[in-house]
Amino acid sequence: MTFTDHIRATLKLGLPLIGGQLAQTAIGLTDTVMMGWYGVEELAAVALGASFFHLILILGMGFGLAVMPMVAAAFALDDTRQVRRVTRMGLWIGAGFAALSMPIFWYSEALLLAMGQTPQIARDAGTYLMIAGWAIWPGVLLTVLRSHLSALDRPNIVLWAWLGGFVLNIALNWVLIFGNLGAPELGISGAAIASLGTHLLIFAVLAVYAARAEGLRDYDLFARFWRPDPGALAEVFRLGWPIALTLLAESGLFMATMIMMGWIGTLELAAHGIALQITSATFMVHIGLSSAATIRAGRAWSKGDADGLAQAARAALLLSGLMVTATIIFFVSLAAPLVGLFVDPTDPLRDRIISVGASLLVVAAIFQLADAAQVMALGLLRGVKDTTIPMIYAFISYWLIGVPCAYLLGLPLGWDGEGIWAGLVIGLGIAGVLLITRFVRIARRAALTA
């Protein structure tokens, strides 16, 4: 394959994955926009509650993401039995994780109060999580199915499932938050019900497709599902727990900044939530490319194809770099209008929220470069089944460097939100350098032994 062929192969796999990630983020965007129209305090509570939910969800997603390189490697070697084994045990682990995590949502109000949030914000966020927390079941399980289907060259169904969820989420939000079509006006609870319903729909679509689609029935994914497979279970767990802790370290970094913004004020927390939603939308491109890189690296690694591994990495990193360049220009040029889309034109705090949010987006222009570098490197390293050392690098970068810098710059030094986001840039940037350096070393060793 020429380098152009590698670019095309990455795009063929990556574009549907990017589309699915964008649709997933669009669901969060619509929640933010519609809650912003409902009220600033409600927006702040849902932003905090959604961040809390995703902190737990991302931890559970680690085991689902471990399935992706394992299925990709088995598929490259035409090992149907191994595909079935690792996916099935990934679902087992996901179900166990969901069951264990439920008490966290039931007592979320007390946890948020202990984190220094105001009583009203903690109470409203707790109300949201008491309902939306049930979405942890379909959320974790659909991650396993998404990895399974993507690694089997079926990313298009992932895209369509998330697009369907996006449409359903808008409809449910419109009816349940505001009380349209004769429904009761549920506000925050309505947003939570919409989130739960959306996750259930997406999981159902992927499960039916994985079981019934032409070409996938031979895997018998759900046949004798109750039978344990200790070997595959241990294999998925060994690869997945470092991924889970790496994701927890990163998402915890963002949750820590959310809490710090809450210490500054409700308005700043609302602006922070808006800015994160905007940056998340563009970052989903890199998440999709990272997943494509994991699959392509996993296939090359399983076959001992060192040149294919290097070319796949170069193609993915080039595409990610082009997106970063476009994003920087976009954020710097349109910061204020972008934030303004999320705030009710009649809200008396509109101008202040836009001012704070726009300043955060300018910092986010640099932040995107650092975040893209680390997520692409993590995707490539997962493809070669290297997850433990990256976990250590992530913990050091995010928690021993990023969080202290965010706190010092944002609060004692008085830089407020911009300082907190500068701490994000520092932590993510160091992680990106360490992780890319590690992948380059692994790829060079593979080339020398080929």
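Right above here is the structure, for reference.
Because the structure is predicted, anything quoted here is derived from the model rather than measured.

Colleague: Can you lay out the nonpolar core for me, pointing to particular residues and giving the numbers?
Modeller: One finds Y128, I136, L361 and W421 to be the most contacted residues of the largest nonpolar core, which totals 103 residues. For this core, the element with the most residues is helix 12 (residues 350-383), which contributes 16 residues. If near-sequence neighbours (up to four positions away) are discounted, W421 is found in contact with H272, A275, L276, T279, L360, V363, A364 and F367. Counting residues in each nonpolar core, the second largest holds 43 residues, with A66, L149, W162 and L216 among its members.

Colleague: How would you sum up a nonpolar patch on the surface? Please name residues and give values.
Modeller: Nonpolar side chains collect at one region of the surface, where W106, Y107, M130, W134 and W137 lie side by side and expose about 560 Å² of accessible area between them. With respect to the helices and strands, Y107 occurs in the loop between helix 3 (80-106) and helix 4 (108-114). We classify Y107 as exposed; its relative accessible area is 56%.

Colleague: Give a detailed account of the packing of helix 3 against helix 9 (residues 230-264), specifying residues and quantitative values.
Modeller: Orientation of helix 3 relative to helix 9, taken along the N-to-C sense of each, is 70°, at an axis distance of 8 Å. As judged from the angle between their axes, helix 3 and helix 9 are roughly perpendicular. Between helix 3 and helix 9 lies a crossing whose hand is right-handed. Seen from helix 3, the contacting residues are Q82, R85, V86, M89, G90, W92 and I93; seen from helix 9, they are G231, A232, L233, E235, V236 and F237. Partitioned by chemical class, the residues of the contact of helix 3 with helix 9 number eight nonpolar, three polar and two charged.

Colleague: Just give me the short version of the side chain of S150, but keep the residues and values in it.
Modeller: Mapped onto the elements, S150 comes out in helix 6 (residues 136-151). Note on S150: relative accessible area 0%, which makes it buried. Of note is the side chain of S150, whose polar atom sits 2.7 Å from the backbone oxygen of R146. In this structure, S150 is in contact with L13, L17, M68, P155, V158 and I295, ignoring residues within four places of it in sequence.

Colleague: Could you give me a rundown of the environment of F331, with the residues and numbers involved?
Modeller: On the secondary structure map, F331 appears in helix 11 (residues 306-340). Note on F331: relative accessible area 0%, which makes it buried. Sequence separation between F331 and T279 is 52 residues, and the spatial gap between their C-alpha atoms is 8.9 Å. Setting aside anything within four residues of it in sequence, one finds F331 in contact with I278, T279, T282, L338, L361, A364, A365 and Q368.

Colleague: Any chance you could break down the packing of helix 9 against helix 12 for me, citing the residues and the numbers?
Modeller: For the pair helix 9 and helix 12, interaxial distance at closest approach is 12 Å and the crossing angle is 165°. The orientation of helix 9 relative to helix 12 falls into the category roughly antiparallel. Considering the relative orientation of helix 9 and helix 12, their crossing is right-handed. Across the interface between the two elements, I243, T246, L247, E250, F254 and M261 from helix 9 touch L360, F367, D371, Q374, L378 and R382 from helix 12.

Colleague: Summarise helix 12; cite the residues concerned and give the values.
Modeller: The principal kink in helix 12, of about 40°, is found at I366. With 24 of 34 residues buried, helix 12 is to be regarded as a mostly interior element.

Colleague: Can you explain the packing of aromatic side chains? Please cite residues and give values.
Modeller: For the structure shown, the criterion picks out nine aromatic pairs. Relative to F225, the ring of F222 lies with its centre 6.0 Å away and its plane at 45°, an arrangement referred to as tilted. Between F254 and F367, the aromatic rings sit 5.9 Å apart at their centres with planes inclined by 80°, giving edge-to-face as the arrangement. A residue pair is termed long-range when its members are at least 10 positions apart, and F254 in helix 9 and F367 in helix 12 qualify at 113 residues. Ring pairing ties together the aromatic residues F52, F53 and F105, which thus form one cluster.

Colleague: Tell me about the pattern of salt bridges, residues and numbers included.
Modeller: A complete count under the given rule lists four salt bridges for this structure. Here R8 and D5 are joined by a salt bridge, their closest N and O atoms 3.7 Å apart. Of this pair, R8 and D5 are both found in helix 1 (residues 3-38), three residues apart, which corresponds to roughly one turn of the helix. The exposed category is assigned to R8, whose relative accessible area is 56%.

Rules and cut-offs
- For every chain, the first residue of the written sequence is number 1, and numbering continues from 1 along that sequence.
- In keeping with the predicted nature of the model, local features appear solely for residues at pLDDT of at least 70, side-chain atom pairs appear and are counted solely at 80 or more, and the whole-chain, interface and lining totals rest on all residues.
- The side-chain figures draw on all heavy atoms in the structure; neither hydrogens nor water molecules are used.
- We define the nonpolar core as a collection of buried residues of types Ala, Val, Leu, Ile, Met, Phe, Trp, Tyr and Cys that are connected through side-chain atoms lying within 4.5 Å of one another.
- Throughout, exposure labels follow a simple rule: accessible area from a 1.4 Å probe, protein chains only, divided by the maximum for the residue type, with under 20% read as buried, over 50% as exposed, and the rest as partly exposed.
- Only runs of H or I of at least four residues qualify as helices and only runs of E of at least two qualify as strands under DSSP, and these elements are numbered from the N terminus.
- Should any heavy atoms of two residues lie within 4.5 Å, those residues are counted as being in contact.
- Only residues whose relative accessible area exceeds 30% and that take part in no salt bridge are eligible for patches, with like-charged residues grouped when within 9 Å of each other and nonpolar side chains (Val, Leu, Ile, Met, Phe, Trp, Tyr) grouped when within 5 Å.
- Only the protein chains shown count as covering a residue, and every accessible area follows the Shrake-Rupley method with a 1.4 Å probe.
- A carboxyl oxygen of Asp or Glu within 4 Å of a side-chain nitrogen of Lys or Arg is what we treat as a salt bridge.
- Only the stretch in contact is used when fitting a helix axis, every axis being a line fitted to C-alpha atoms; angles between N-to-C directions are given from 0 to 180 degrees.
- Here the word oblique covers every angle except those under 35 degrees (roughly parallel), over 145 (roughly antiparallel) and from 65 to 115 (roughly perpendicular).
- Note on convention: near helix rotated counterclockwise from far helix by under a right angle means a left-handed crossing. Clockwise means right-handed.
- Following the grouping adopted for this structure description, the nonpolar residues are Ala, Val, Leu, Ile, Met, Phe, Trp, Tyr, Cys and Pro, the charged ones are Asp, Glu, Lys and Arg, and the polar ones are all others, Gly among them.
- Any pair of nitrogen or oxygen atoms within 3.5 Å is treated as a polar contact; in protein, a donor-acceptor pairing is required on top of that, and neighbouring residues in sequence qualify only through side-chain atoms on both sides.
- Across the chain, bend at a residue is computed as the angle between axes fitted to the seven residues ending at that point and the seven starting from it.
- Two rings from Phe, Tyr or Trp (for Trp, the six-membered ring) form a pair when their centres are within 6.5 Å of each other. A pair whose planes differ by under 30 degrees is stacked, one over 60 is edge-to-face, and the rest are tilted.

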